[in-house]
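Observations on the model geometry
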Amino acid sequence: MLDVEITRLDPGLPLPTYARHDDAGLDLHAAEGVELAPGERRLVATGIAIALPPGHAGFVHPRSGLALRHGLSVVNTPGTIDAGYRGEIKVLLINHDLEYSVRVARGDRIAQLVVQPVDHVRLVEVDALPGSARGAGGYGSTGVTSVTHEEE
Ligand SMILES: O=c1ccn([C@H]2C[C@H](O)[C@@H](COP(=O)(O)OP(=O)(O)OP(=O)(O)O)O2)c(=O)[nH]1
Ligand SMILES: [Mg+2]
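Residues numbered from 1 in each chain as written. Chains lettered and ligands numbered in written order. Predicted model: local features only at pLDDT ≥ 70, side-chain atom pairs only at ≥ 80, totals over all residues. Heavy atoms only, no water.

Next up on the list: empty space enclosed by the protein. To find leftover empty space, a probe the size of one water molecule is rolled over the atoms. Inspection of the entire model under this criterion finds one cavity of 30 Å³ or more. If you trace the largest cavity, you find it lined by Arg-8, Asp-10, Leu-13, Pro-14, Pro-16, Leu-28, His-29, Thr-46, Gly-47 and Ile-48. Residue classes in the lining of the largest cavity are distributed as five nonpolar, three polar and two charged. (1 Å grid on protein atoms, 1.4 Å probe; cavity = no way out; pocket = protein on both sides within 12 Å on 5 of 7 lines; lining within 4 Å. Points joined across faces, edges and corners; volume = space filled by probe spheres on them. Nonpolar A, V, L, I, M, F, W, Y, C, P; charged D, E, K, R; others polar.)

So, about the site of ligand 1. Asn-76, Gly-79, Thr-80, Ile-81, Asp-82, Tyr-85, Glu-88, Ile-89 and Lys-90 make up every residue found near ligand 1. Asn-76 places a polar side-chain atom, nitrogen or oxygen, 3.2 Å from an oxygen atom of ligand 1. A distance of 2.6 Å separates an oxygen atom of ligand 1 from a polar atom in the side chain of Asp-82. Protein chains bury 49% of the 570 Å² of accessible surface belonging to ligand 1 in isolation. Looking at the shell around ligand 1 element by element, the count peaks at three residues for strand 9 (residues 79-81). For the shell around ligand 1, the per-class residue count stands at three nonpolar, three polar and three charged. (Near = heavy atom within 4 Å. Polar contact = N/O pair within 3.5 Å; in protein donor to acceptor, adjacent residues only side chain to side chain. Areas by Shrake-Rupley, 256 points an atom, 1.4 Å probe, with all protein chains shown as cover. Helix = DSSP H or I, 4+ residues; strand = E, 2+ residues; numbered from the N terminus.)

With that settled, consider the layout of surface pockets. Within this model, the largest pocket holds a volume of roughly 450 Å³. Lining the largest pocket are 17 residues, with Leu-2, Val-4, Tyr-18, Leu-26 and Val-115 sitting closest to its centre. For the lining of the largest pocket, the elements supplying multiple residues, two or more each, are strand 3 (26-29), strand 6 (48-51) and strand 12 (109-117). The class makeup of the residues in the lining of the largest pocket is 15 nonpolar, one polar and one charged.

If you trace the backbone, Asp-27 turns up in strand 3. Among the polar contacts made by the side chain of Asp-27, one reaches the side chain of Arg-109 at a distance of 2.8 Å. The residues touching Asp-27, leaving out its near neighbours within four places in the chain, are Pro-16, Thr-17, Ala-19, Arg-63, Arg-109, Ala-111 and Gln-112. (Contact = heavy atoms within 4.5 Å.)

Before going further, it helps to spend a moment on the UniProt feature "binding site: substrate" (unreviewed entry) in the protein. Following the UniProt record, the feature "binding site: substrate" (unreviewed entry) maps to Arg-63, Ser-64, Gly-65, Asn-76, Thr-80, Ile-81 and Asp-82 here. With the annotated positions falling across 20 residues, the maximum pairwise C-alpha distance of 26.4 Å shows that they are not confined to a single cluster. As for its position among the elements, Gly-65 is in helix 1 (residues 64-70). One can find Asp-82 in the loop between strand 9 and strand 10 (90-95). (UniProt positions renumbered as here; feature names shortened; annotations may be inferred.)

On to the UniProt feature "domain: dUTPase-like" (unreviewed entry) in the protein, then. Here the UniProt-annotated "domain: dUTPase-like" (unreviewed entry) positions come out as residues 14-143. Structurally, residues 14-143 comprises 5% helix and 37% strand, and the distance from its first C-alpha atom to its last is 47 Å.

Below is the structure:
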């Protein structure tokens, strides 16, 4: 278990917690109530600031239940929290629903923060890269699926 220092910029909110003990993400609370019209995005405060240890980063992920039920997600998913960042963690919410507004109340758990170790790499420039089975293949190179879209 890694200790991460946190300050509450909004003492009226509970600290983020893992909803279940082996969950990957700490649920982040909204520090303000907001209403998002269809397609609207809004930067929402969480009332906390943290000091991640060097060699780590935090990633702000959407919550699947809110995405499924309301189309509520994170624009820049996952948002990146740098180890050196001491400002307030904010969540860039977006309402993907085409019809309905989404209302978020202060205190709602709007997103989840996953803390992970991250490597720094030293880039070594070469004339040619080593071969691999995949090579430059991508974008469905391993086969097609039965997924379709409606033709105009
Ligand atoms: O969802 C997010 C994403 C970022 N941040 C904060 C923490 C992060 O360390 C800082 C910068 O984020 P990022 O590097 O993604 O933004 P940028 O556009 O590259 O800005 P900068 O030039 O400040 O790095 O903003 C958040 O609070 N929430
Ligand atoms: Mg940046």
